[in-house]
Amino acid sequence: AAILAMLDAKAAGFEPGSAMRDRAFRAVRRCRLPSGAYTYSLDIVSTPKHGEGINHIKGSLGRIQVCNLALRKGADAGFASAGEITTDQLCEGLDLFLRHHRFLDIARGRPVPHEAYYANAAYFYFFGHYYAARVIAELPANLRDQYWWRFQQEIVKTQERDGAMWDYPMNSYGKPYGTAFAVLGLQQSLTKPENGKK
């Protein structure tokens, strides 16, 4: 998420510092595992470790999208240190997100962080969905529709009677950030592509 903010700052005319940006790209690339998952932290040796840990795909669902997006946007901006994330890899990340989505559903609403399967925390839910929406928006128009309808279902089902959407119950800012992430994601899913067709 910080890399994306740095790229936005550069696009707005502010240079955050190439050395810092390149270190950030290298760190994210180092966290990427051959499975497509990203480790929860920058380790000396990146590894999934034990069988049901946070560094497995099912524990990485909320991170895969933002990390793939950061590397893709960095490469698109011409930064060699970002490496390369192909459209196929973006789709693979989304496929993993949707195939194993139940592990995010199980974690949503739990008050104790990382108590759910694969150490998922409730607050991974809307963060992961917002960046999934941004990844879908990056795809060619002919690939988007297969993801948008499922994304919309996963978001709309969380709406409460008061209209809010939240994932983590222990803080007063849960409803504002949850609702904001959800609405921003849904907004992207309703944007018409360049050809004017939905």
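The coordinates are above.
No experiment lies behind these values; they were computed from the predicted model shown.

(A) Expanded view of the pattern of salt bridges. Following the criterion strictly, the structure yields ten salt bridges and no others. The shortest N-O distance in the salt bridge between R21 and D22 comes to 3.8 Å. Here E115 ties to R110 by a salt bridge, and the two come within 3.9 Å at their closest N and O atoms. Salt bridges sharing common partners tie together K10, E15, R21 and D22.

(B) Representation of the nonpolar core within the structure. Counting residues in each nonpolar core, the largest one holds 51 residues, and the members touching the most others are I3 and Y38. Of the residues forming this core, the biggest block, nine residues, is contributed by helix α6 (residues 124-138). In contact with I3, not counting residues within four places along its chain, are A24, F25, V28 and A70.

(C) Structural detail: the packing of helix α3 (residues 57-76) against α6. Two elements in contact, α3 and α6, have axes separated by 8 Å at closest approach and are oriented at 35°. Relative to α6, the crossing made by α3 is left-handed. In this structure, α3 uses G59, G62, R63, Q65, V66, L69, K73 and D76 to contact α6, whose residues at the interface are F124, F127, G128, Y131, A132, R134, V135 and E138. Here the residues of the contact of α3 with α6 are counted per class, giving seven nonpolar, four polar and five charged.

(D) Broad picture of empty space enclosed by the protein. Across all of its chains, the model carries one cavity of 30 Å³ or more by this definition. Of the pockets and cavities examined, the largest cavity occupies roughly 30 Å³. Taken together, L94, F97, L98, A132, I136, Y147 and F151 make up the full set of residues lining the largest cavity. For the lining of the largest cavity, the secondary structure elements donating two or more residues are α4 (87-99), α6 and α7 (141-156). A class-by-class count of the residues in the lining of the largest cavity yields seven nonpolar, no polar and no charged.

Rules and cut-offs
Residues numbered from 1 in each chain as written. Predicted model: local features only at pLDDT ≥ 70, side-chain atom pairs only at ≥ 80, totals over all residues. Heavy atoms only, no water. Salt bridge = Lys/Arg side-chain N within 4 Å of Asp/Glu carboxyl O. Core = buried A, V, L, I, M, F, W, Y, C linked by side-chain atoms within 4.5 Å. Buried < 20%, exposed > 50% of the residue type's maximum accessible area, 1.4 Å probe, protein only. Helix = DSSP H or I, 4+ residues; strand = E, 2+ residues; numbered from the N terminus. Contact = heavy atoms within 4.5 Å. Axes fitted to C-alpha atoms, helices over the stretch in contact; angles between N-to-C directions. Left-handed = near helix turned anticlockwise from the far one by under 90°. Nonpolar A, V, L, I, M, F, W, Y, C, P; charged D, E, K, R; others polar. 1 Å grid on protein atoms, 1.4 Å probe; cavity = no way out; pocket = protein on both sides within 12 Å on 5 of 7 lines; lining within 4 Å. Points joined across faces, edges and corners; volume = space filled by probe spheres on them.

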